[in-house]
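Listed below, chain by chain, are the residues.
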Amino acid sequence: MRASLEVDLAGLRLRNPTILASGILGSSLSLLKRVEEAGAGAAATKTITADPREGYPNPVFVDLGFGYLNAMGLPNPGVEEFSRLIAEARRLLKIPVIASVGGGGGEEFLLVAERVLEAGCDAIELNLSCPHVSGYGLEVGSDPELASRIAGSVKSISSKPVFAKISIHQSELGVVEKVIGSGVDGITAINTIRAMAIDVDSMKPILSNIYGGLSGRCIRPIALAVVYRIHGEFPDIPIIGVGGVEDWKSALEFILAGASAVGIGSEIARKDLKIFSETVQGLEEFLAERGFRSITELRGYAHKI
Ligand SMILES: Cc1cc2nc3c(=O)[nH]c(=O)nc-3n(C[C@H](O)[C@H](O)[C@H](O)COP(=O)(O)O)c2cc1C
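Residues numbered from 1 in each chain as written. Predicted model: local features only at pLDDT ≥ 70, side-chain atom pairs only at ≥ 80, totals over all residues.

### So, the overall build of the chain
Test applied: Only DSSP runs of H or I reaching four residues or more are called helices, and only runs of E reaching two or more are called strands; each is numbered from the N terminus. The globule rule used here is 2.2 Å times the number of residues to the 0.38 power, and the radius of gyration it is set against is calculated over C-alpha atoms. Any residue whose C-beta has 12 or fewer other C-beta atoms within 10 Å is treated as exposed, any with 20 or more as buried, and any in between as partly exposed, C-beta atoms being built from the backbone.
Summing up its helical and strand segments, the chain has 10 helices and 16 strands in all. Its C-alpha atoms give the chain a radius of gyration of 18 Å, within 12% of the compact-globule value 19 Å for 305 residues. Oriented by its inertia axes, the alpha-carbon framework of the chain measures out at about 55 × 50 × 40 Å. Among the 305 residues that make up the chain, the fraction classed as buried is 53%.

Okay, structure coming up:
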């Protein structure tokens, strides 16, 4: 019998545990369709704000060789246009669509959440953690009281699962406990890590925004430790592990640490969309070789030592 890769994320059923991470390809219907065809179990949209945002001027992305640095500035067409895209995606795709909701405060988060729920998204991910946009993300989410108030108010209007996306900057257990206490259904960990790079020729910061977010395989050990720690403390909370997943082995690491599913982002740049099917196939083969019947048996397995 073939091992099952199906997972249940707080009621959200995924054919396999791979999810397109927010901000990567999740802002056009044709790209979302390609992600589904490539084998992903679900897809998260780019973070959506109430009004359109242009984002920062170039340079906004740096390939460091060992990972990536970006400060896009949360460019998106705003919730009106994005809601139409979500409604279309819902009509055309079979996999769940997770709407990434952003905001400069409680009111904006609530307004965007209301609209994407009306549009038919299957779940919400609250971006409480983008580390490089003034007035958004981490600047809102690093206040534990405010973060849990926002999470609680969005949860109160949502019949769909709500995930709070945190970063390493908020990974202290007290903060996580507060956010979980607000009633969210799960945690996504982690967002990019605040970082920068300097060009030695011009002797100036490379990114137009100076600071950006570090992602890719160099952050995986950090993300993994966050997931392991949260699962150890809150074993019943579903976790989407994100940060440097580049193949089935790295996806499995997150599951063994306690994640129910994994987000895949930056490494798509290096490996293309085949990263999804390769990850799924590798996990399937691993389960079969080791005699496991379901991927869910492996969740948090590394804690059993
Ligand atoms: C270019 C780029 C844009 C991103 N945009 C968003 C975003 O809009 N919202 C969000 O929550 N995370 C965003 N992220 C963070 C990713 O979703 C992910 O949490 C992070 O990059 C770590 O995963 P990775 O190493 O697989 O990329 C972005 C990351 C990158 C590289």
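### Concerning the packing of helix 2 (residues 78–92) against helix 3 (residues 106–119)
Formally: Every axis corresponds to a line fitted to the C-alpha atoms, with the helix fit spanning only the stretch in contact, and the corresponding angles, defined between N-to-C directions, vary from 0 to 180 degrees. What sets the label is the angle itself: under 35 degrees gives roughly parallel, over 145 gives roughly antiparallel, 65 to 115 gives roughly perpendicular, and the rest give oblique. If you view the pair so one helix is near and one far, a crossing is left-handed when the near helix is turned anticlockwise from the far one by less than a right angle, and right-handed when it is turned clockwise. Our contact criterion uses C-beta atoms placed from the backbone: two residues qualify when those atoms are within 7 Å. Each residue gets one label: Ala, Val, Leu, Ile, Met, Phe, Trp, Tyr, Cys and Pro are nonpolar, Asp, Glu, Lys and Arg are charged, and the others, such as Gly, are polar.
Taken N-terminus to C-terminus, the directions of helix 2 and helix 3 make an angle of 25°; their axes are 8 Å apart at the nearest point. The angle between helix 2 and helix 3 places the two elements in the roughly parallel class. For the crossing formed where helix 2 meets helix 3, the hand is right-handed. Contact residues: helix 2 offers V79, S83, I86 and A87, while helix 3 offers V112, R115, V116, E118 and A119. Class assignment of the residues belonging to the contact of helix 2 with helix 3 gives a composition of six nonpolar, one polar and two charged.

### Quick word on the packing of helix 5 (residues 144–157) against helix 6 (residues 173–181)
Each pair of packed helices can be summarised by the angle the axes make with each other and by the distance between the axes. Running from N to C, helix 5 and helix 6 cross one another at 25°; their axes reach a closest spacing of 8 Å. By the angle between their axes, helix 5 is roughly parallel relative to helix 6. Seen along the crossing, helix 5 lies across helix 6 with a hand that is right-handed. Across from P144, A147, S148 and A151 in helix 5, the residues of helix 6 making contact are V175, K178, V179 and G181. Taken together, the residues that form the contact of helix 5 with helix 6 break down as five nonpolar, two polar and one charged.

### Structural notes on the site of the ligand
Threshold: Put plainly, near means the residue's C-beta atom, positioned from the backbone, lies within 6 Å of the molecule or strand in question.
Neighbouring the ligand are 27 residues, the closest being G23, T47, S215, G265 and S266. Here the residues of the shell around the ligand sort into 10 nonpolar, 14 polar and three charged.

### Considering the nonpolar core
Rules: Defined on buried residues, the nonpolar core groups Ala, Val, Leu, Ile, Met, Phe, Trp, Tyr and Cys residues joined through C-beta atoms within 7 Å.
Ranked by size, the top nonpolar core spans 96 residues in total, and within it A43, V116, I124 and V227 carry the most contacts. For this core, the element with the highest residue contribution is helix 8 (residues 248–257), accounting for seven residues. Not counting residues up to four positions away in its chain, the partners in contact with A43 are I19, L20, G26, L32, V35, E36, I95, V97 and I98.

### Quick word on the sheet that holds strand 4 (residues 42–44)
Short version of the rule: Note on pairing: two strands pair once DSSP finds at least 2 bridges between them.
Pairing in this closed barrel of eight strands is parallel, and the strands run 3-4-7-8-9-10-15-16 around the ring. Pairwise comparison of adjacent strand axes, ignoring direction, gives a mean angle of 25° for this sheet. Alignment of strand 8 (residues 123–127) against strand 9 (residues 162–166), held across four bridges, turns out to be parallel. From the neighbouring strand, E125 faces strand 9, where its bridge partner is F163.

### Topic: helix 5
The line we're drawing: Any helix carries an expected span of 1.5 Å times its number of residues minus one. Of all possible arcs, the one meant is that of the directions from the helix axis to the C-beta atoms.
The end-to-end C-alpha separation of helix 5 is 20 Å, in line with the 20 Å expected for 14 residues at 1.5 Å each. Every buried residue of helix 5 is accounted for by A147, S148, I150, A151 and V154. In an axial view of helix 5, the angular spread of the buried residues amounts to 160°, which keeps them on one side of the axis. Facing away from the buried side of helix 5, by more than 90 degrees, are the exposed residues E145, S156 and I157. Of the surrounding elements, those touching the buried residues of helix 5 are helix 3, strand 8, helix 4 (138–141), strand 9 and helix 6.

### Some points on the sheet that holds strand 11 (residues 193–195)
Taken together, four strands build an open sheet; the order of strands is 5-6-14-11 and the sheet is antiparallel. Here the strands that pair on one side only, and so sit at the sheet edges, are strand 5 (61–63) and strand 11. Going from strand to strand, the sheet's axes swing by 30° on average, the running direction of each strand aside. By the bridge criterion, three bridges tie strand 6 (residues 68–70) to strand 14 (residues 212–215) in an arrangement that is antiparallel. Residue pairing for strand 14: N70 is matched across the bridge by G213.

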